[in-house]
Amino acid sequence: MLLVKWPCPKREVKRGKGFLSNTKAPSYSTAARASSNEEALVGGLPSTWKQQRRSDVTRDCCRVNQPAPNMRLAHLSDVHLLPASGLIPLLPSSLTSAKRMLGFLNMAFRRGPNKYDRRLLVRALHDAVHVRGADAVAVSGDLTNLALESEFEAARGAFEEVLGPDWEKKVITVPGNHDIYCPASRAERFYFSHFGATMTSDIPQPPTSDRDGGFPFVRLLPDGVALIGVNSAFPRPLFHASGEVGPEQMRRLEDLLDHPRVRQSTSVVVMLHHPASKRFDSKWERKSGLLNRSAFARLMEAKNVRLVIHGHTHRPFLASLRGDTLVSEAGSTTYSRTKSAGGYSIYEFNEGALRRILSIRADDQGSMHESTLADFPPPAADPSPAWLNVPAS
């Protein structure tokens, strides 16, 4: 199995088939982080591969021969855009709730107003659609910081700038906890007014409760791929960022996965904001994780979902969830504090089957670099379900 993370968190629990359980990830010195700020941790491979730096990500050390993909799905997340006017003009609007005020102070004194760079979003969108020919762009939440209308306008403007006036036809989004940040943001519905067209369903759905906000929905993509959007975000108290797929939405999700048009799809991809697998210790999971994670994972396995994609932790991640289901996080697309930080993922499909997962990362010179995270050869090429074809040590 393969686990890709950046930066390496000290308290992350590596989970999934083939991984060490309840093991702290290694910590790196300041000098090591300065020289190599993106690490690939590969379970079950020789130590020389475990320690291999991926600073030269243009070298595909694990690529195998594959047919040309029929469909490419780009995955962006956690862009956290500020309006062009910057942070200070948000102060009056931040006073509308205690959580927004706390979030404003967090951006001003802890995160910093320049931590997330709009240019990285523009670069990633251009690279995904105009260079690599992605058929669809999935964004797994946290378009904003405080769920203010000026932030949603800034995010919408970035998509329009790169993809043109019809950008909503190619982009699919779900909200993150920063997009439905407090009770006021649910009442204001800025997310739905600016990005509601990115959540249209190709299979009509019955009316939902206000909490579920029209979820789940399904987009039937080319090559027999169905992408289902799920909402795990709802207002939480101060110092909490957890999410949940509510009971009503879980029932509707199960019904949608059983719909004949979805069952006819060769691959089903489910997108939400919060992690579908355990990522950190129990305290973090209670305050920031997916509260009904186990029930959600069981449903994904029972319905043979091929891939679950999410955001929230800002760290690239790839592992098995349950059975044949994979879980993938692209990391923050706009994180700008460290070299090669911002980026996105691409999932390549051929004849409806997932064949390759790519990580595309930006460098401080404005270039995008590609690395292959996982290959899934067709049965005729390789009858074994190997993740990677790598030389023996």
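Everything discussed here concerns the structure shown above.
About the criteria used
Residues numbered from 1 in each chain as written. Predicted model: local features only at pLDDT ≥ 70, side-chain atom pairs only at ≥ 80, totals over all residues. Heavy atoms only, no water. Axes fitted to C-alpha atoms, helices over the stretch in contact; angles between N-to-C directions. Helix = DSSP H or I, 4+ residues; strand = E, 2+ residues; numbered from the N terminus. Parallel < 35°, antiparallel > 145°, perpendicular 65-115°, else oblique. Contact = heavy atoms within 4.5 Å. Nonpolar A, V, L, I, M, F, W, Y, C, P; charged D, E, K, R; others polar. Patch = residues over 30% accessible without salt bridge, like charges linked within 9 Å, V, L, I, M, F, W, Y side chains within 5 Å. Areas by Shrake-Rupley, 256 points an atom, 1.4 Å probe, with all protein chains shown as cover. Salt bridge = Lys/Arg side-chain N within 4 Å of Asp/Glu carboxyl O. Buried < 20%, exposed > 50% of the residue type's maximum accessible area, 1.4 Å probe, protein only. Arc of directions from axis to C-beta. Pairing = 2+ DSSP bridges. Core = buried A, V, L, I, M, F, W, Y, C linked by side-chain atoms within 4.5 Å. Polar contact = N/O pair within 3.5 Å; in protein donor to acceptor, adjacent residues only side chain to side chain.

Draft legend 1. Just the packing of helix H9 (residues 247-257) against helix H12 (residues 293-302), in detail. It is at 11 Å that the axes of H9 and H12 come closest, and there the two elements cross at 10 degrees. The pairing of H9 with H12 is recorded here as roughly parallel in orientation. Every residue of H12 that contacts H9 at Met-250, Leu-253, Glu-254 and Leu-257 is listed here: Ala-295, Phe-296, Leu-299 and Met-300. Here the residues of the contact of H9 with H12 sort into 7 nonpolar, no polar and 1 charged.

Draft legend 2. Summary view of a nonpolar patch on the surface. Taken together, Leu-102, Leu-238 and Phe-239 make up a surface patch of nonpolar side chains, about 280 Å² in accessible area. Within the fold, Phe-239 resides in the loop between strand E7 (225-229) and H9.

Draft legend 3. Representation of H12 within the structure. Among the residues of H12, those classed as buried are Phe-296, Ala-297, Leu-299 and Met-300. Relative to the axis of H12, the buried residues are bounded by an arc of 160 degrees and lie together on one face. In the stretch just after H12, Asn-304 is the one whose phi turns positive, near 55 degrees.

Draft legend 4. Representation of the sheet that holds E7. If you trace the 6 strands from one edge of the open sheet to the other, you get E6-E7-E8-E9-E11-E10, paired in mixed fashion. The open sheet is flanked by strand E6 (217-221) and strand E10 (317-320), the only strands paired with a single partner. Taken pair by pair, the neighbouring strands of this sheet meet at an average axis angle of 20 degrees, ignoring direction. Bridging between E6 and E7 involves 5 bridges; their strand directions are antiparallel. Paired with Val-218 across the two strands is Ile-228, which belongs to E7.

Draft legend 5. Here's a closer look at the nonpolar core. Judged by nonpolar contacts, the single largest core of 69 residues is most densely connected at Leu-73, Leu-76, Phe-159, Tyr-344 and Ile-357. If you look at the next biggest cluster of nonpolar residues, it comprises 26 residues, including Ile-203, Val-218, Val-230 and Leu-272.

Draft legend 6. Spotlight on unusual backbone geometry. The peptide bond linking Phe-215 to Pro-216 adopts the cis configuration, its omega dihedral lying at -5 degrees. You can see Pro-216 is positioned in the loop between helix H8 (190-195) and E6. A positive phi angle is found at Asp-223, which is not glycine, with a value near 65 degrees. Considering the arrangement of structural elements, one finds Asp-223 in the loop between E6 and E7. Of note, the phi angle at Asn-304 is positive, near 55 degrees, even though the residue is not glycine. With respect to the secondary-structure elements, Asn-304 resides in the loop between H12 and strand E9 (307-310). Since its relative accessible area comes to 65%, Asn-304 is described here as exposed.

Draft legend 7. Just the sheet that holds strand E12 (residues 343-350), in detail. Judged by pairing direction, the sheet is mixed, and its 6 strands sit side by side in the order E5-E4-E3-E12-E13-E14 without closing on themselves. Strand pairing shows two members of the sheet lacking a second neighbour, strand E5 (171-173) and strand E14 (368-375), which therefore form its edges. Put simply, the sheet's adjacent strands are angled 25 degrees from each other on average, direction ignored. For strand E3 (residues 71-76) and strand E4 (residues 136-139), the ladder comprises 4 bridges, and the chain directions are parallel. Its bridge partner being in E4, His-75 is matched across the sheet by Ala-138.

Draft legend 8. Highlighting the environment of Glu-285. Mapping Glu-285 onto the fold places it in helix H11 (residues 282-288). When its relative accessible area of 9% is taken as the criterion, Glu-285 is described as buried. For Glu-285, the contacting residues outside a window of four places in its chain are Ser-277, Lys-278, Arg-279, Phe-280, Leu-290, Leu-291 and Arg-293. Polar side-chain contacts of Glu-285 include one of 3.2 Å to the backbone nitrogen of Phe-280.

Draft legend 9. Spotlight on the pairing of E14. Burial analysis of E14 places 8 of its 8 residues in the buried class, the great majority of the element. Note: strand E13 (residues 353-362) against E14, 7 bridges, orientation antiparallel. Opposite Ala-362, over in E14, you have Met-368 as the bridge partner. Once E13 ends, the chain turns through 5 residues before running back antiparallel as E14, passing Gly-366 with a positive phi of about 90 degrees.

Draft legend 10. Highlighting the environment of Gly-311. Tracing the sequence through the fold places Gly-311 in the loop between E9 and E10. Not counting chain neighbours up to four residues away, the residues in contact with Gly-311 comprise Ser-77, Asp-78, Ser-140, Leu-272, His-273, Pro-275 and Glu-329.

Draft legend 11. Seen up close, the pairing of E13. Within E13, 10 of the 10 residues are buried, which leaves the element mostly enclosed by the surrounding structure. Where E12 lies against E13, 8 bridges are found, and the strand directions are antiparallel. Note on E13: the bridge partner recorded for Ser-345 is Ser-359. Linkage of E12 to E13, two consecutive antiparallel strands, is achieved through a turn of 2 residues, within which Glu-351 is found at a positive phi near 55 degrees.

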